[in-house]
Every structure is written in structure tokens, then in C-alpha cells.
Amino acid sequence: MMQEVKISGTRVGVLIGKSGATKKELETKTHTTISIDSKEGTVKVEATDENTVPLLRAVEIINAINRGFSPERAFEMIEDEDLLLEVIDLGGMADSPKQLDRLRGRIIGKDGRAREQIEDMTDVEISVFGKTVALIGYPEQLKTARAAVDMLIEGVPHENVFAFLDRKKKESKQDLISYYY
């Protein structure tokens, strides 16, 4: 089985890693063969039929690296199969480069504090890269983080978004307590 992925020229070096270390590690951990055409920006991922799931995971990790995550952060998805990658495309939401910058700025916040706050309150990793926002996390937390990002995109004030996240965090804690007691 084979899948082809297109990646940004600026991320090819990150995917390959120092002396090919990242690529080798990904191949070893997912039992796949990866060939990279750095001129075209295409990555071919091949695996035997019994390694279909690891092949799809390798493609997801390549996509995560392409969306701005470090290999270390992306490789967390190998160790924990419940982690998912979600990509939000901001390209269709902004009419001009200036508006795109404004959207990215709202999500990142001053000195990266808004992004950091969302990450802390939802346990979801966030990468704002190019015209996309990528999230890595568990399904339930992804839903909450996605809602927070959507709220910021819609122009909801930051303090309201953080109040929403605080409420969600308390609800999940309450759900956990009521589950056990």
C-alpha cells in the first residue's frame, strides 16, 4: 500500500532531520518506507498490507510536521494512538493577507499567551502555521479547543473565550468526579 503527501518546501528539512534521523525514526516506528522528493515537495509512504494502520499514522505525522509541529510533538501520536490531528484552514475565512494576519494574531495572542492558555486549559497542542491552525489532542479536548479557536476567529473577546474554557474544564472535572463517586 502507498500514499503520497504534498508538503511545504520549508518543512522538508524538518521531516528529514539531521542526517536523516527524523525520517529513519518515523520509518522504524511505523514500519514504513518513506521517500522524499525535496524539489517537488512530495513524500511517498509505503507499507505492506498488514501495516495499513501504521502507514496512515505515518501520513498523519507527516501532515503534523508539515503544519508546523516539531517532530517530537508529532511523534507523540505514535506512542498514543488516541491522539488525533485536526487542521483548520484559515485561507477561506480571510479575504486579504492583512485579515489572515489578524486571525492568526488573535489565535496566537500577545507573546503567544492566547495559544498557550488554550493549550494549558484543554491539553491540546496548537500550531499556527501559514494559512492553517493545527491541533493535536484527544477527541473530547479537541472539540473544546476547536470551539475556542472558532470563537477567536469569529471575533469573540479573549476573556469570554477563556471563561468558556474555564467552564468546560470545570465541567469535565465534575464529570470525572461523578463518574467515580
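Thresholds applied
Residues numbered from 1 in each chain as written. Predicted model: local features only at pLDDT ≥ 70, side-chain atom pairs only at ≥ 80, totals over all residues. Heavy atoms only, no water. Helix = DSSP H or I, 4+ residues; strand = E, 2+ residues; numbered from the N terminus. Buried < 20%, exposed > 50% of the residue type's maximum accessible area, 1.4 Å probe, protein only. Contact = heavy atoms within 4.5 Å. Areas by Shrake-Rupley, 256 points an atom, 1.4 Å probe, with all protein chains shown as cover. Lys, Arg positive; Asp, Glu negative; His and termini not counted. Charge placed at Lys NZ, Arg CZ, Asp CG, Glu CD. Polar contact = N/O pair within 3.5 Å; in protein donor to acceptor, adjacent residues only side chain to side chain. Arc of directions from axis to C-beta. Pairing = 2+ DSSP bridges. Axes fitted to C-alpha atoms, helices over the stretch in contact; angles between N-to-C directions. Core = buried A, V, L, I, M, F, W, Y, C linked by side-chain atoms within 4.5 Å. Salt bridge = Lys/Arg side-chain N within 4 Å of Asp/Glu carboxyl O.

Thoughts on the overall build of the chain
Right, on to step 1. Of regular secondary structure, the chain possesses 8 helices and 6 strands.
Right, on to step 2. Ordered by position from the N terminus, the helices and strands of the chain form the series β-α-α-β-β-α-α-β-α-α-β-β-α-α.
Right, on to step 3. Here the chain holds 181 residues, and the buried ones make up 41% of them.
Right, on to step 4. Restricting to contacts in the chain with at least 6 residues of sequence separation, those with at least 24 account for 58%.
Right, on to step 5. Of the roughly 10,400 Å² that the chain leaves accessible, carbon and sulfur atoms contribute 50%.
Right, on to step 6. Placing the 26 positive and 32 negative side-chain charges of the chain at their respective mean positions leaves the two points 7 Å apart.

Considering the side chain of arginine 57
Right, on to step 1. Along the chain, arginine 57 falls in helix α3 (residues 52-66).
Right, on to step 2. A distance of 2.6 Å separates a polar atom in the side chain of arginine 57 from a polar atom in the side chain of glutamate 60.
Right, on to step 3. In contact with arginine 57, not counting residues within four places along its chain, are Met77, Asp80, Glu81, Asp82 and Leu83.

Description of helix α2 (residues 21-30)
Right, on to step 1. Every buried residue of α2 is listed here: Thr22, Leu26, Glu27 and Thr30. Buried residues of α2 fall within an arc of 135° about the axis and therefore sit on the same side.
Right, on to step 2. Taken together, the buried residues of α2 touch α1 (12-16), β2 (33-37), α3 and α4 (71-79).
Right, on to step 3. Note on α2: the residue one or two positions beyond its end, histidine 31, has a positive phi of about 55°.

Overview of the sheet that holds strand β6 (residues 132-137)
Right, on to step 1. The 3 strands lie next to each other as β4-β6-β5, forming an open sheet whose pairing is antiparallel. In this open sheet, the two edge strands, each paired with only one partner strand, are β4 (84-89) and β5 (125-129). With strand direction ignored, the average angle separating the axes of adjacent strands in the sheet is 15°.
Right, on to step 2. With 6 bridges joining them, β4 and β6 adopt antiparallel strand pairing. Looking at β6, one finds that glutamate 86 is bridged to leucine 135.
Right, on to step 3. α3 contacts β4, β5 and β6 of the sheet and is inclined by roughly 45° relative to β4.

What about the nonpolar core?
Right, on to step 1. Within the largest apolar cluster, 25 residues are counted, with the highest numbers of intra-cluster contacts made by Ile107, Ile118, Val133, Leu135 and Leu165.
Right, on to step 2. Secondary structure elements with two or more residues in this core: α5 (97-108), α6 (113-122), β5, β6, α7 (139-154) and α8 (158-180).
Right, on to step 3. It is α7 that contributes the most residues to this core, 7 residues altogether.
Right, on to step 4. The residues contacting isoleucine 107, other than those within four sequence positions of it, are Leu90, Ala114, Arg115, Val128, Val133, Val149, Leu152 and Ile153.

What to know about the pattern of salt bridges
Right, on to step 1. Tallied over the full model, the rule gives 15 salt bridges.
Right, on to step 2. In this structure, lysine 23 engages glutamate 27 in a salt bridge whose closest nitrogen and oxygen atoms are separated by 3.7 Å. Taken as a pair, lysine 23 and glutamate 27 lie in helix α2 at a separation of 4 residues, close to a single helical turn.
Right, on to step 3. Classification of lysine 23 by relative accessible area gives partly exposed; the value is 24%.
Right, on to step 4. By relative accessible area, which is 17% here, glutamate 27 ends up buried.
Right, on to step 5. One salt bridge in this structure joins lysine 143 and glutamate 140, with 3.6 Å as the shortest N-O distance. In this pair, lysine 143 and glutamate 140 are both assigned in helix α7, 3 residues apart and thus about one turn of the helix distant.
Right, on to step 6. Through salt bridges with shared partners, a single network forms among Arg73, Arg115, Glu119 and Glu125.

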